[in-house]
There are 2 protein chains.
Amino acid sequence: MPPIKVKIADPPSPADPVETIAQAQGQPVAKRALKGAGKGTGKGAGKPKPLTRIQREKQDQILEAALDIFSRHGFRGATIDQIAEQAGMSKPNLLYYFPRKETIYKRLISGLLETWLAPLSEMDASGDPIPEIRSYIRRKLEMARDFPRESRLFANEMLEGAPRVIDMLEGELKALVDEKAKIILGWMDEGKLNRADPYHLIFAIWATTQHYADFDVQVRAVLGRDRGGDGRYEDAAHFLERLFMHGLQPRR
Amino acid sequence: MPPIKVKIADPPSPADPVETIAQAQGQPVAKRALKGAGKGTGKGAGKPKPLTRIQREKQDQILEAALDIFSRHGFRGATIDQIAEQAGMSKPNLLYYFPRKETIYKRLISGLLETWLAPLSEMDASGDPIPEIRSYIRRKLEMARDFPRESRLFANEMLEGAPRVIDMLEGELKALVDEKAKIILGWMDEGKLNRADPYHLIFAIWATTQHYADFDVQVRAVLGRDRGGDGRYEDAAHFLERLFMHGLQPRR
DNA sequence: CTAACGTTTTTCCAACTGGTCAAATTTCCG
DNA sequence: CGGAAATTTGACCAGTTGGAAAAACGTTAG
């Protein structure tokens, strides 16, 4: 019997390019002409306005480019010029769509979060523990493979001490993890999983999967030309499945 | 019988402050007066010169401060001014000891690497597999706890694509991992460990342990006030030990 | 066609950046 | 002590950075 081959879903083809996760619709273009306005209405919460085709396109170009740059150099290390060039437009042109560097960054991050946490959200208390966890690991690994820039953007923010998302970590994220930890604990109580700290289990899943995005250079360098190719995600999936299920110690 | 409490060695006391890993002695101070010199001798490899007390002290102050700044903001995101201020001296003064920003960074990284890889180097083929791996995990976790800035510095370099250390990754690091992977494979052949890809095993150990340094903010935010305190490393050690040894699936 | 709007470009600026240099100050050593 | 060497400082500089302003250009509905 051949070893169980863990199938992880095919990556999107290059012809159908992976689109940026962060596509949250948002405020309309910040118009110079409207600069002083909105002060009377408290939080500037007029009607969202329908966004023209050009606006949508250009904003997407910018966010796509910004993701590239921010994910490699972090917030401080990235420059508007770099992003503008990558997006194929001039700096003032870019600033016409996003008034400040920070605005771009924040849009990226907030657009990212929902998708980023989706796999964990989907973990279902009524499901079978083992398949649920296996599938969570697999989905997380797929995200590392298909959205490595998003992963690195997030990692960069963490390394800086998360100054821009700390509230969300202590709020939404903690709440979600608390909830799922409770579910996992329940499974353990039923004897369907070995007893272990559910929080650290979640950390371990995050760490091992995101590692393949964040430390990609290192992974590829160490695996070398032959083993570091496209197959490495299959290998990783297979390995992680066995690690999380059975560990290393043989049953004597 | 109480659950086995994994002991991880005590952190250095605050009174005996953790010294920077990177303390490689190196070139003497780059003297303005000697600027043009050294061109005749090929690589400027005169005698290393003994370094005065002040030189050692100031260089250490600078490296210590630089580690703080670089590890949070990456190379591009860090400024000499920040480092100088953190080190309690003026920018020109700092530049008297290290002629360029990059010099500081490189010294930091090269001084770090040896120590960073020491735990893996120590993994011994003639030892018992299970204790060897357990102890490797423990040591790695201790390093994440005691040298989080070093871990973050390294992570930052990886996120940027490792432009300054890629050679070392493909050279020394790959060689070391290849060697240890062979040892682990040997152990598996003897039936002393469950069969699994040794490269991905090493990645998993790196990822899970370094996570506690690199994503420290997140870990603390999610664990909350009560569980995120100093005990979290004990909990992590305990969890990782069980995960890597036995996995999650109960033996039916 | 044209006025009104949305978009793009050119020009500009003040703050910050990495780095230099000579002068002033301190330390070291006989 | 006295002077040479080592160290520190203040002034400076050229290039980059985030961003503002306004003029120029394009598009489209009437």
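The structure reproduced in this document is the subject of the present report. What you see is a predicted model; the values in this text were computed from it and never measured. (Residues numbered from 1 in each chain as written. Chains lettered and ligands numbered in written order. Predicted model: local features only at pLDDT ≥ 70, side-chain atom pairs only at ≥ 80, totals over all residues. Heavy atoms only, no water.)

### Regarding the packing of helix α4 (residues 101–121) of chain A against helix α5 (residues 129–146) of chain A
A pair of packed helices is captured by two measures, namely the crossing angle of their axes and the spacing between those axes.
All names here are of chain A.
Turning to step 1, where the next piece is worked out: Viewed as axis vectors pointing N to C, α4 and α5 meet at an angle of 160°, and their least axial separation amounts to 9 Å. Compared by their axis directions, α4 and α5 come out roughly antiparallel. When you trace α4 past α5, the crossing you get is right-handed. Where α4 approaches α5, its residues Thr-115, Trp-116, Pro-119 and Leu-120 are matched on the opposing element by Tyr-136, Arg-139, Lys-140 and Met-143.
Turning to step 2, where the next piece is worked out: Residue composition of the contact of α4 with α5, grouped by class: five nonpolar, one polar and two charged. (Axes fitted to C-alpha atoms, helices over the stretch in contact; angles between N-to-C directions. Helix = DSSP H or I, 4+ residues; strand = E, 2+ residues; numbered from the N terminus. Parallel < 35°, antiparallel > 145°, perpendicular 65-115°, else oblique. Left-handed = near helix turned anticlockwise from the far one by under 90°. Contact = heavy atoms within 4.5 Å. Nonpolar A, V, L, I, M, F, W, Y, C, P; charged D, E, K, R; others polar.)

### Details of the nonpolar core
Turning to step 1, where the next piece is worked out: Ranked by size, the top nonpolar core spans 153 residues in total, and within it Phe-70 and Phe-244 of chain A together with Phe-70 and Phe-244 of chain B carry the most contacts.
Turning to step 2, where the next piece is worked out: Not counting residues within four places of it along the chain, the set of residues in contact with Phe-244 of chain A comprises Ile-137, Leu-201, Ala-204, Ile-205 and Thr-208 of chain A together with Leu-243, Gly-247, Leu-248 and Gln-249 of chain B. (Core = buried A, V, L, I, M, F, W, Y, C linked by side-chain atoms within 4.5 Å. Buried < 20%, exposed > 50% of the residue type's maximum accessible area, 1.4 Å probe, protein only.)

### So, the side chain of Lys-180 of chain A
All names here are of chain A.
Turning to step 1, where the next piece is worked out: Mapped onto the secondary structure, Lys-180 falls in helix α7 (residues 166–189).
Turning to step 2, where the next piece is worked out: Note on Lys-180: relative accessible area 3%, which makes it buried.
Turning to step 3, where the next piece is worked out: Within the structure, the side chain of Lys-180 is placed 3.0 Å from the backbone oxygen of Ser-121, a separation counted as a polar contact.
Turning to step 4, where the next piece is worked out: Ignoring sequence-local partners within four residues, the contact set of Lys-180 consists of Leu-120, Ser-121, Met-123 and Ile-202. (Polar contact = N/O pair within 3.5 Å; in protein donor to acceptor, adjacent residues only side chain to side chain.)

### Brief notes about the pattern of salt bridges
Turning to step 1, where the next piece is worked out: Tallied over the entire structure, the rule returns 34 salt bridges over all chains.
Turning to step 2, where the next piece is worked out: Residues joined by salt bridges that share partners form a network here, namely Glu-64, Asp-68 and Arg-149 of chain A. (Salt bridge = Lys/Arg side-chain N within 4 Å of Asp/Glu carboxyl O.)

### Focus on unusual backbone geometry
Residue and element names in this part refer to chain A.
Turning to step 1, where the next piece is worked out: Phi at Ala-162 takes a positive value of approximately 55°, unusual for a residue other than glycine.
Turning to step 2, where the next piece is worked out: Its place among the elements puts Ala-162 in the loop between α6 (148–159) and α7.
Turning to step 3, where the next piece is worked out: Relative accessible area serves as the criterion here: at 0%, Ala-162 is assigned to the buried category.

### A closer look at the relation of the copies chain A and chain B
Turning to step 1, where the next piece is worked out: The two copies are related by a screw motion: chain A maps onto chain B through a turn of 180° and a shift of 0.0 Å along the axis, at an RMSD of 0.1 Å. This pairing of chains is accounted for by a two-fold axis.
Turning to step 2, where the next piece is worked out: The residues that chain A uses at the interface reappear at the interface of chain B in 100% of cases, marking a shared surface. (Least-squares fit on C-alpha atoms with pLDDT ≥ 70 in both.)

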